Amino acid sequence: MALIINVNHLSKKFNDTYAVNDLSFTVNEGDIYGFLGQNGAGKSTTIRMLLTLIQPSSGIIEMFGKKLSTHRSEILKEVGAVIEKPDLYKYLSAYENLSIFAKMSGIKVTRQLLMNQLQMVNLQDRAKDTVKTFSQGMKQRLGIAVALVHNPALIILDEPTNGLDPQGIADIRNLIIRLSRELGKTILISSHLLSEIELIANRMIIIHKGKKMVEGNVADLLDPAHTLVEIETLNNTEAAALLQQSTWAPFLLPKNQLQLMMNKTAVPQLINDLVTMGVQLLSVNSSHSLENYFLSLTTQSGNVEAFTN
Ligand code: ADP
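Here goes a summary of the coordinates provided. (Residues numbered from 1 in each chain as written. Predicted model: local features only at pLDDT ≥ 70, side-chain atom pairs only at ≥ 80, totals over all residues. Heavy atoms only, no water.)

Quick look at helix H3 (residues 94–104)
Part 1 of the reasoning: Turning to H3, its buried residues are Ala94, Asn97, Leu98, Ser99, Phe101 and Ala102.
Part 2 of the reasoning: Along its buried surface, H3 packs onto helix H4 (111–120) and helix H5 (136–148).
Part 3 of the reasoning: Of the residues trailing H3, Gly106 is marked for its positive phi of about 85°. (Buried < 20%, exposed > 50% of the residue type's maximum accessible area, 1.4 Å probe, protein only. Helix = DSSP H or I, 4+ residues; strand = E, 2+ residues; numbered from the N terminus. Contact = heavy atoms within 4.5 Å.)

Next comes the structure, spelled out in structure tokens:
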């Protein structure tokens, strides 16, 4: 499988602070690659370096097998990006906007091509309407159509669902999946929401304070075997003692005897056993350990064991 992006030991320093710190990652052809991190983690800075809007302090970026520093224009022809709210002409129609940007990018513009693009982002019925009548989600989709007009192989979207309502978020999500499945595009999408990335990405990275925390296949990282279960009871000391003597003992976390790391599918059996043992249950809360880990990066608390070794 071809490497579309290969980032090696990339850093960016603003004054004395590293916004991106020794970051390495790879995006393969056909990936929907989730670039996940809290606000300020360094996502936009990394994306701006990928688009040559700012220069790295150190490190190497290769795209399509070529060094970005030496093959900039050749590489960027294959990249379409939406990095801030798309800059559209609000008094012009969707079609006119797309037409202008298509001509600026130097491609041969036909009505068929533009209508196909509008159809791809599900705006074909609004082609003649001015952008000022559009919802934020529609503007975002038109922005993506503009980014796609020169038929790039790689699409980079920086927090494309920010500020959108649930329907707008679902529309963007479906669009990204279509771009991947139907057009075979490689997509890098940044987000501060694990729940968002988990729904669409096949691979992902979590960055924090400019550094890589984890990278891998979403299915592996979110393996149900890494479910953190927290139990609350009327008598926690007694419940902990009962659990230690039970078949659940190997799953108990050393630091907290009312927390287990286990497979999600076994949670109903655990509840059953707790009731049979006479534990007076108040609640059983299960969440994926990656979720807890991600949360802990901002709160600096919570359980981080599964991903910090
Ligand atoms: P994210 O996109 O993950 O929210 P950013 O890449 O925008 O994070 O920011 C990472 C860090 O770099 C933040 O601490 C931010 O304040 C800092 N930063 C970003 N751009 C600049 C800049 N032009 N000058 C100084 N600091 C910056």
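Topic: the pattern of salt bridges
Part 1 of the reasoning: Within the structure shown, the criterion is met by nine salt bridges.
Part 2 of the reasoning: Taking the shortest distance from any N to any O, the salt bridge between Glu159 and Lys43 comes out at 3.4 Å. Highlighted residues: Glu159 in the loop between strand S7 (154–158) and helix H6 (166–181) and Lys43 in helix H1 (residues 43–50), separated in sequence by 116 residues.
Part 3 of the reasoning: With relative accessibility at 12%, the residue Glu159 sits in the buried group.
Part 4 of the reasoning: Accessibility expressed as a relative area gives 5% for Lys43, which makes it buried. (Salt bridge = Lys/Arg side-chain N within 4 Å of Asp/Glu carboxyl O.)

Examining the site of the ligand
Part 1 of the reasoning: Contacts to the ligand come from Phe14, Ala19, Gln38, Asn39, Gly40, Ala41, Gly42, Lys43, Ser44 and Thr45.
Part 2 of the reasoning: Between Gly42 and the ligand, the recorded distance is 3.0 Å, taken from a backbone N or O atom to an oxygen atom.
Part 3 of the reasoning: A distance of 2.6 Å separates an oxygen atom of the ligand from a polar side-chain atom of Thr45.
Part 4 of the reasoning: For the ligand, whose accessible area on its own is 560 Å², the fraction buried by protein is 55%.
Part 5 of the reasoning: The greatest single-element share of the shell around the ligand, amounting to three residues, is contributed by H1. (Near = heavy atom within 4 Å. Polar contact = N/O pair within 3.5 Å; in protein donor to acceptor, adjacent residues only side chain to side chain. Areas by Shrake-Rupley, 256 points an atom, 1.4 Å probe, with all protein chains shown as cover.)

Structural notes on the pairing of strand S9 (residues 203–208)
Part 1 of the reasoning: Of all the six residues making up S9, six are buried; the element is thus mostly covered by neighbouring parts of the structure.
Part 2 of the reasoning: Covered by surrounding structure in S9 are Arg203, Ile205 and Ile207 together with Met204, Ile206 and His208, the residues of both alternating faces.
Part 3 of the reasoning: The sheet contact formed by strand S3 (residues 32–36) and S9 spans four bridges and is parallel. Bridge assignment links Phe35 to a residue of S9, and that residue is Ile205.
Part 4 of the reasoning: As judged from the six bridges shared by S9 and strand S10 (residues 211–217), these two strands associate in the antiparallel manner. Note that in S10 the partner of Ile207 across the bridge is Lys212. (Pairing = 2+ DSSP bridges.)

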